[in-house]
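# Chains, contacts and geometry: an overview
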Amino acid sequence: MPLKRKIQELKKKREEVLKGGGDAAVEKQVAMGKMTARDRIISLLDKETFTEYDMFAEHEAKDFDMDKKTLAGDGVIIGTGSIYGASICIYAQDFTVAGGSLGNMHARKITKIMDHALKMKMPLIGINDSGGARIQEGVSSLAGYGEIFFRNTLSSGVIPQISVILGPCAGGAVYSPALTDFVFVVDKISKMFITGPEVIKTVLGEEISMEDLGGARVHSEITGNAHFYASSEAECIEQIKKLISFIPWSNLRKAKKFPPKEPSADYQIEDIVPGDPKQPYDVRNVIRAIVDDSDFFEVQELWAENMVIGFGRMGGETIGFVCNQPLVLAGVLDVDSSDKAARFIRFCDAFNIPIVTLVDLPGYLPGVDQEHAGVIRHGAKVLYAYSEATVQKMTVILRKAYGGGYIAMGSRHLRADFVFAWPGAEIAVMGPEGAANIIFRKEIASAEDPEKVRKQKIKEYKDKFANPYVAAAKGYIDSVIEPKETRKILLHAIEVSENKAVYLPKKKHGIPPF
Ligand code: HXC
């Protein structure tokens, strides 16, 4: 056969695969407000950069009439391309082909691109839209998931791994996203759960919709499984691109540097934090007042809102921000906010992203609920993550830093490289009211006018301890600075610590309080 005809044959074969699960299935997909797997990849990647592999892969299953079925690409598309010039590996499950279900070949394609990503040190993006383990292929499907989980774990901390949930992601399938660094969800489209509504009805007799069980809102606001929430697939794609622009390709690199930009004049740092330590404010405005172009990209915006985490740039370099949020629960550390901060610190540390911590908190949240929910174990994760992190660590105490909160939030004692405090900072074992009530209890009780004495004692305690100078005198704080000096001094700190090199004791691995 002449080459020309062979090329025609190739084109025909390609066209067949490009049809996915056929017109009817594609129409059903689009009617649900979903893009096709191929369109998702094309819209995410830089124009004409997608190169597909294993387009002609075929399953080898025989049972349940599978030998009579041809499944285009076996229900998953894999390949490489770029986003803003960054090379990435990608796979997208195609729900139009056997519900995107995962059989042996489908899993082999995914693990092939995962191996490639790890070997070539490229970020991996997985688009999930699947009915889960392909029922007809039995244990081969389960084995496939196991192979994926194993690779997710090996790649953890080496290459960034991103999961995009754009359809069902049920049963054990949810554990691949759970093992990755960032999970993106879209309103009404994403569904993640271990056991679906049918099983819950059978076993527990309870009726619940898929949306209420594991929809995008549930995972963004309640479980914290999702990191980015979008109202449409198009918005989600823009979010993924933005994330890729902030993070490095692997742990062997730094994130790409951008031209530095001054923050917007809309954020006047002196006017954001009220003098009264009980008055709330939005810490995100402090971040916007110090980052390039006032551009702050928040992670897990809707969950554990008393802790704000995310990326911004300073002097063009990506910085990870870990900040108490006085707007919610006075910015306390609790079970969820501890988990949120600890995981993010570990991501930044693994991928050479300097950490800036902004502190303003009354401590850990007291209460039976928190104690019984394991605030000891969860709170310890923050201590562990900061202590273990060897990347540059800079801390600014904006206002309150009481008790365990002072230690946990990137203190000198957990090896922050630089600790600065604003003049209104209060660093003490606890708030002045609580402290005075405890240490002067007898004096207050026996006074003729207990209220007057209480006020006196609170003032006495405040004058003595509720300021940054006691800590500064001991060298726990490097400098007391004016708010308007914050950006300049942080930029300087980032620059002079560029070549930081510290090493942890040699060990197989630590045992963090998971
Ligand atoms: C094989 C599957 C499939 C599966 C869907 N299909 N799920 N084929 N194995 N797991 C097929 C359907 O037969 C159908 O094929 C096509 O995909 C589209 O599915 P529909 O049911 O028509 O779509 P829809 O109504 O949108 O419902 C989607 C769904 C539902 C909610 C995901 O299909 C469903 O409940 N699927 C099963 C989910 C599940 O229980 N999976 C196993 C989880 S356990 P035709 O030919 O008719 O078009 C698991 C274990 C992993 O994953 C463990 C790892 C450790």
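Quick note: structure is the one above.
Presented here is an overview of the structure given in this document. (Residues numbered from 1 in each chain as written. Predicted model: local features only at pLDDT ≥ 70, side-chain atom pairs only at ≥ 80, totals over all residues. Heavy atoms only, no water.)

### Comments concerning the side chain of lysine 34
As for its placement among the helices and strands, lysine 34 is situated in the loop between α2 (23-31) and α3 (37-44). Of the residues examined, lysine 34 reaches a relative accessible area of 5% and is grouped as buried. A polar side-chain atom of lysine 34 sits 3.0 Å from a polar atom in the side chain of aspartate 129. (Helix = DSSP H or I, 4+ residues; strand = E, 2+ residues; numbered from the N terminus. Buried < 20%, exposed > 50% of the residue type's maximum accessible area, 1.4 Å probe, protein only. Polar contact = N/O pair within 3.5 Å; in protein donor to acceptor, adjacent residues only side chain to side chain.)

### With respect to the site of the ligand
Near the ligand there are 18 residues, and of these Gly99, Gly131, Ala133, Ile135 and Gln136 occur at the shortest range. Within the side chain of lysine 28, one N or O atom sits 3.4 Å away from an oxygen atom of the ligand. Backbone polar atom of isoleucine 135 to a nitrogen atom of the ligand: 3.1 Å apart, as the coordinates give it. Protein coverage of the free-state accessible area of the ligand, which is 1,000 Å², stands at 53%. At the level of elements, α5 (139-155) and β5 (161-170) are the ones that each hand at least two residues to the shell around the ligand. Per-element accounting of the shell around the ligand gives the leading share, three residues, to α5. (Near = heavy atom within 4 Å. Areas by Shrake-Rupley, 256 points an atom, 1.4 Å probe, with all protein chains shown as cover.)

### Brief notes about the pairing of strand β3 (residues 86-93)
With respect to burial, β3 is a largely interior element, seven of its eight residues being buried. Bridge count between strand β2 (residues 76-83) and β3: eight bridges; the pairing is antiparallel. Counterpart to isoleucine 78 in the pairing with β3 is tyrosine 91. Relative to strand β4 (residues 124-130), β3 runs parallel, the two being bridged by four bridges. From the neighbouring strand, alanine 92 faces β4, where its bridge partner is isoleucine 127. As a crossover connection, the stretch from β3 through helix α4 (residues 104-120) into β4 is right-handed. (Pairing = 2+ DSSP bridges. Right-handed = clockwise from strand over helix to strand, strands pointing away.)

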